[in-house]
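Here's the letter readout for the chains.
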Amino acid sequence: MNLLFYFGTVATGLTIDLEDKMKELIRLLKSNEKKQPSTNEELDRKKAVFDLVKSMKIQDQISKEFLLEYLNAANNYGNWVSYTFKEAKCRYFEKFILLEIPLSRLDKNEEIHHPENLEPFKQLYLHSNWFPPIIFDHHRNYIIDGRHRVEVSRRLGLQSILGFVGVPYLSLEYLSKKRS
């Protein structure tokens, strides 16, 4: 299905339960930000974020604030250069929607900078039948985060991958709210 068409049919809100869980998790994470996290705290924080993401369903929406926490967790709370670059790529979006993205829609020429990272993702998928969702800008056909997961998906013969797709601030939904 065409992602542009898909946005016209996306549900407009989260279930209250999921939205409340996200807000509570962000509040707890921010309250702990002032301390220097230990390795165990970072693992607990990452697990909490990924557990919430695993509980999401197709078409669930997340705020940009939660997406940035997810991005930070996916980058192991350590590589601030990579995180800052990816955070900058997310600045145009108001929110993100979890969608199943056909691999045929994604650019096959994306460069893989660290091929040694492909094997851990392959093992993750073979063990759990799950990848953390990629982050995708469908307007620019650009993978913000997740090139290794996409490449492993292709090598495993999968047809699609879960991804958070950015909804720009000036989306039709945003403009229609401003008119009313």
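See the structure shown above.
Residues numbered from 1 in each chain as written. Predicted model: local features only at pLDDT ≥ 70, side-chain atom pairs only at ≥ 80, totals over all residues. Heavy atoms only, no water.

Caption draft 1: A look at unusual backbone geometry. Residue Q59 is not a glycine yet carries a positive backbone phi of 80°. With respect to the secondary-structure elements, Q59 resides in the loop between helix 3 (39-54) and strand 1 (61-63). One non-glycine residue, N141, lies in positive phi territory at about 50°. Along the chain, N141 falls in the loop between strand 3 (134-137) and strand 4 (142-145). For N141, a relative accessible area of 26% puts it in the partly exposed group. (Helix = DSSP H or I, 4+ residues; strand = E, 2+ residues; numbered from the N terminus. Buried < 20%, exposed > 50% of the residue type's maximum accessible area, 1.4 Å probe, protein only.)

Caption draft 2: Examining the packing of aromatic side chains more closely. Under the definition given, this model contains six aromatic pairs. Arranged with centres 5.3 Å apart and planes meeting at 65°, the rings of F93 and F96 form a pair that is edge-to-face. The pair formed by F93 and F96 is uniform in burial state, with each residue classed as buried. Here the aromatic residues F50, Y70, W130 and F164 are joined through ring pairs into a cluster of three or more. One Lys or Arg, K54, reaches over the ring of W130 and ends 4.9 Å from the middle of that ring. (Phe/Tyr/Trp six-rings, centres within 6.5 Å; stacked < 30°, edge-to-face > 60°. Lys NZ or Arg CZ within 6 Å of the ring centre and 35° of its normal.)

Caption draft 3: Structural view of the nonpolar core. Within the largest apolar cluster, 20 residues are counted, with the highest numbers of intra-cluster contacts made by I62, L67, Y70, C90, F96, I135 and F164. At the level of elements, helix 3, helix 4 (64-74) and strand 2 (93-102) are the ones that each hand at least two residues to this core. If one sorts the elements of this core by residue count, helix 4 sits on top with six residues. Apart from residues no more than four positions distant in its own chain, Y70 is found in contact with V49, F50, V53, P132, P133, I135, R149 and F164. Within the second largest apolar cluster, 16 residues are counted, among which are L106, F136, V165 and V167. (Core = buried A, V, L, I, M, F, W, Y, C linked by side-chain atoms within 4.5 Å. Contact = heavy atoms within 4.5 Å.)

Caption draft 4: Structural view of the pattern of salt bridges. In total, this model carries five salt bridges according to the counting rule given. K47 is the salt-bridge partner of D51, the closest N and O atoms lying 2.6 Å from each other. One end of the pair is D51 and the other is K47, both in helix 3 and four residues apart, which spans about a single turn. A relative accessible area of 35% places D51 in the partly exposed class. D137 is the salt-bridge partner of R140, the closest N and O atoms lying 2.5 Å from each other. (Salt bridge = Lys/Arg side-chain N within 4 Å of Asp/Glu carboxyl O.)

Caption draft 5: Quick look at the side chain of K95. With respect to the element layout, K95 can be found in strand 2. At a separation of 3.2 Å, a polar atom in the side chain of K95 contacts the side chain of Q61. (Polar contact = N/O pair within 3.5 Å; in protein donor to acceptor, adjacent residues only side chain to side chain.)

Caption draft 6: Fine view of the environment of G163. Within the fold, G163 resides in strand 5 (residues 160-168). A sequence separation of 67 residues divides G163 from F96, and the C-alpha atoms of the two residues are 9.1 Å apart. Once you skip the residues sitting within four places of it in the chain, G163 turns out to touch I97, L98, L99, I101, P133 and I134.

Caption draft 7: Examining the environment of L158 more closely. Inspection of the secondary structure puts L158 in the loop between helix 7 (147-155) and strand 5. For L158 and P102, which are 56 residues apart along the polypeptide, the C-alpha to C-alpha distance reads 9.1 Å. Among residues more than four places away in sequence, those in contact with L158 are L103, Y125, F131 and S153.

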